[in-house]
Amino acid sequence: MSQWPVFEPSGEWQSELAELQLRRAQARTMGGAEALARFKASGRLNARERIDHLMDAGSFRELGALAGKGHYSREGAFERMDPTNAIVGVGRVQGRKVAVHADDFTIRAGSSEASIADKWIYIERMAHQLRMPLVRLVDSAGGSVKLLMQIGGTKIPEYPSWPANELLQTVPVVGVALGACAGQGAVKVLSSHFSVMVREQSQVMAAGPHVVRQAYAQEVDKNDLGGHRVHRKSALVHNEAEDEADALAQVQRFLSYMPRSVHHLAPVLPTPDSPTRADDWLKDAIPRERRKIYDPRKILASVMDLDSVFEIGRYQGGSVITALARLNGVPVGVIANDPKVQGGAMTVQAAYKMERHVKLCSLFGLPVVNFVDQPGNQTGLEAELGGTLLGALRVGEALNACRSPWVSILVRRCFGMAGALHAPKYGEALNLRYAWPSARWGSIPIEGGVMAAHKTEIDAAPDPAAKRAELEAFYLNMTSPFRTAEKFGILDIIDPRETRAILCDWVEDARELVKLGRVGEGVG
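Residues numbered from 1 in each chain as written. Predicted model: local features only at pLDDT ≥ 70, side-chain atom pairs only at ≥ 80, totals over all residues. Heavy atoms only, no water.

Asker: Describe the environment of proline 160, naming the residues involved and giving the relevant values.
Answerer: Here proline 160 shows up in the loop between α5 (147-151) and α6 (164-168). Remark: the alpha-carbon pair of proline 160 and glutamate 75, spanning 85 residues in sequence, is separated by 38 Å. (Helix = DSSP H or I, 4+ residues; strand = E, 2+ residues; numbered from the N terminus.)

What follows is the structure in structure tokens.
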């Protein structure tokens with residue numbers, strides 16, 4: 001971490017300059033040597049070390065370092081200072097300005113109520129008004145009844161000057177769970193565009209085990225209450241990390257795709273990867289046998305710039321993949337169905353995940369590429385009880401509001417209501433879509449449709465299985481994508497090996513469209 005330059009205290013203000021150096025030095029002691037040693041023994045980085053790992057070397061400029069509780073002699077002379085448990089400032093991540101707010105757990109367990117709230121709120125207001133990304137390094141145990149003695153009463157739980165929602169509409173916000181994040185700590189993690197938690201180390205929850213025990217007489221471990229396995233299901237936290245270094249590396253990578261704010265363009269990075277690269281194996285990426293699955297992540301890795309795919313929410317709503325990537329250096333959002341999970345169907349979890357990603361890309365001007373293999377909405381009792389159709393409707397609303405340029409590559413199936421949600425197609429939205437020869441579409445998949453429409457005929461046949469196969473073959477011939485292309489129902493059928501070149505050509509124009517959309521909004 002960069003240190004303040006050390007000048008020799010001298011001149012007319014020698015005593016004040018010496019006091020300034022002393023106060024700064026005491027701020028760097030954090031919770032004290034003993035508390036720091038205990039924290040290090042737990043295998044975790046302290047708040048200042050976390051900032052060091054996140055920021056470019058020597059770039060962090062701390063703000064409000066002198067905030068805390070001062071102790072004075074009877075004569076009013078300064079003796080020592082207890083720093084507050086919020087460390088805030090600005091620095092650079094991969095050369096780009098970022099605001100950061102880190103909880104210091106070595107001081108009163110990082111409690112937001114034990115902090116000077118004006119300090120951490122100030123850096124968030126600064127990020128909002130100066131339009132720079134914000135990273136919260138959260139390690140906060142929440143409130144404490146001991147604080148009642150300190151303040152001599154209670155307060156209404158609110159932070160009216162905190163622009164939490166305005167931030168989410170203006171700049172990229174990242175929440176990193178690095179310990180037990182309860183109450184306000186949980187809010188700081190979740191009120192973000194990207195969140196990540198460390199496996200077996202961090203928990204995100206409304207309240208910890210002690211509160212749960214008193215409220216519900218339930219004994220529960222903190223990891224079972226709010227650990228990464230819980231949030232794989234809840235989808236509250238986007239990603240999980242192996243350790244703190246991995247978590248901070250994911251933050252750096254996420255920010256690399258993001259613009260400084262909604263008024264800026266996302267950064268284009270130079271790439272050695274040729275836009276005309278064509279991997280020959282793509283021609284057989286989709287098996288001819290319709291019941292065989294394939295690996296959509298391998299397709300994404302092949303079509304996008306090499307090593308540029310950054311997945312978000314891998315363990316949630318697994319039938320859809322959401323990611324950030326680059327095409328010829330330009331950041332894009334990526335959506336793809338995964339036939340290995342629920343056959344790629346639209347589940348309520350997948351719907352939430354897709355809605356969230358569409359909104360992210362629309363807000364920050366990222367063009368979207370959707371690789372479509374959608375068999376339809378999940379069906380059955382569990383799906384109906386879970387409100388799957390409502391989730392699909394919300395995806396439709398997000399698509400209708402989406403401002404991002406969009407292209408769809410139909411690689412296999414596109415059926416039913418969920419299939420219709422493969423792109424914005426309303427008003428002036430240009431329905432730009434290509435299909436591989438393996439693609440098929442319609443109101444209902446052939447296999448289920450044949451059984452529904454010809455059940456009596458199939459059941460009455462001497463060989464029902466053979467009759468069903470005969471009918472399926474007949475209808476499959478009618479579903480050839482070339483028949484749709486004859487009527488210009490699809491823009492074009494393409495060789496899968498052409499996909500990257502087509503997308504790299506498209507993204508150049510898509511970026512120009514994003515740029516035009518930000519004219520008058522302070523493009524930079």
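Asker: How would you explain the packing of helix α13 (residues 348-363) against helix α15 (residues 388-401) if you had to name every residue and give the values?
Answerer: Running from N to C, α13 and α15 cross one another at 10°; their axes reach a closest spacing of 8 Å. If you check the angle between α13 and α15, you find them roughly parallel. Note on packing geometry: the crossing formed by α13 with α15 is left-handed. Between α13 and α15, the contacting residues are Val348, Ala351, Met354, Glu355, Val358, Lys359 and Ser362 on the first element and Thr388, Gly391, Ala392, Arg394, Val395, Ala398, Leu399 and Ala401 on the second. (Axes fitted to C-alpha atoms, helices over the stretch in contact; angles between N-to-C directions. Parallel < 35°, antiparallel > 145°, perpendicular 65-115°, else oblique. Left-handed = near helix turned anticlockwise from the far one by under 90°. Contact = heavy atoms within 4.5 Å.)

Asker: Please provide a residue-by-residue account of a nonpolar patch on the surface, values included.
Answerer: Together, Leu389, Leu390, Leu393 and Met417 make up an exposed nonpolar region whose accessible area comes to about 370 Å². The greatest single-element share of the nonpolar patch, amounting to three residues, is contributed by α15. Counting through the fold element by element, leucine 389 comes out in helix α15. The class for leucine 389 is partly exposed, based on a relative accessible area of 41%. (Patch = residues over 30% accessible without salt bridge, like charges linked within 9 Å, V, L, I, M, F, W, Y side chains within 5 Å. Areas by Shrake-Rupley, 256 points an atom, 1.4 Å probe, with all protein chains shown as cover. Salt bridge = Lys/Arg side-chain N within 4 Å of Asp/Glu carboxyl O. Buried < 20%, exposed > 50% of the residue type's maximum accessible area, 1.4 Å probe, protein only.)

Asker: Can you break down the pairing of strand β5 (residues 96-103) residue by residue, with the values?
Answerer: For β5, a buried count of six out of eight residues is recorded, marking the element as mostly surrounded by other parts of the structure. Two successive antiparallel strands, strand β4 (residues 86-93) and β5, enclose a turn made up of two residues, where glutamine 94 displays a positive phi of approximately 55°. Sheet analysis places β5 next to strand β6 (residues 134-138), joined by four bridges and oriented parallel. Along β6, the bridge assignment pairs histidine 101 with arginine 136. (Pairing = 2+ DSSP bridges.)

Asker: Account for the nonpolar core, naming residues and giving values.
Answerer: Across soluble globular proteins, nonpolar side chains show a tendency to be buried alongside one another. Counting 53 residues, the largest nonpolar core has Val135, Leu137, Val176 and Phe254 as its most contacted members. What valine 176 contacts, discounting residues up to four positions off in sequence, is Val135, Arg136, Leu137, Val138, Val189, Val196, Ala247 and Val251. Ile286, Ile321, Val334 and Cys504 belong to the second largest nonpolar core, which has 30 residues in total. (Core = buried A, V, L, I, M, F, W, Y, C linked by side-chain atoms within 4.5 Å.)

Asker: Break down helix α19 (residues 464-478) for me, citing the residues and quoting the values.
Answerer: Compared with an ideal rise of 1.5 Å per residue, which puts 15 residues at 21 Å, α19 spans 22 Å between its outermost C-alpha atoms and is within 8% of the ideal. Leu471, Glu472 and Leu476 are the residues of α19 that are buried. Each buried residue of α19 lies within a common arc of 135° when the element is viewed along its axis, so the set occupies one face. (Expected span 1.5 Å × (residues − 1). Arc of directions from axis to C-beta.)

Asker: Before we move on, could you go through the side chain of lysine 353 and cite the residues and values that matter?
Answerer: Here lysine 353 shows up in helix α13. Here glycine 313 takes part through its backbone oxygen, which lies 2.7 Å from a polar atom of the side chain of lysine 353. Apart from the residues within four sequence positions on either side, lysine 353 is in contact with Ile312, Gly313, Arg314, Gln316, Gly317, Val320, Ile321 and Thr322. (Polar contact = N/O pair within 3.5 Å; in protein donor to acceptor, adjacent residues only side chain to side chain.)

Asker: Explain unusual backbone geometry residue by residue, including any values.
Answerer: Even without a glycine there, the phi angle at glutamate 200 is positive, about 65°. You can see glutamate 200 is positioned in the loop between β9 (194-198) and β10 (203-205). One non-glycine residue, phenylalanine 488, lies in positive phi territory at about 55°. Here phenylalanine 488 is to be found in the loop between α20 (481-486) and β19 (492-493).

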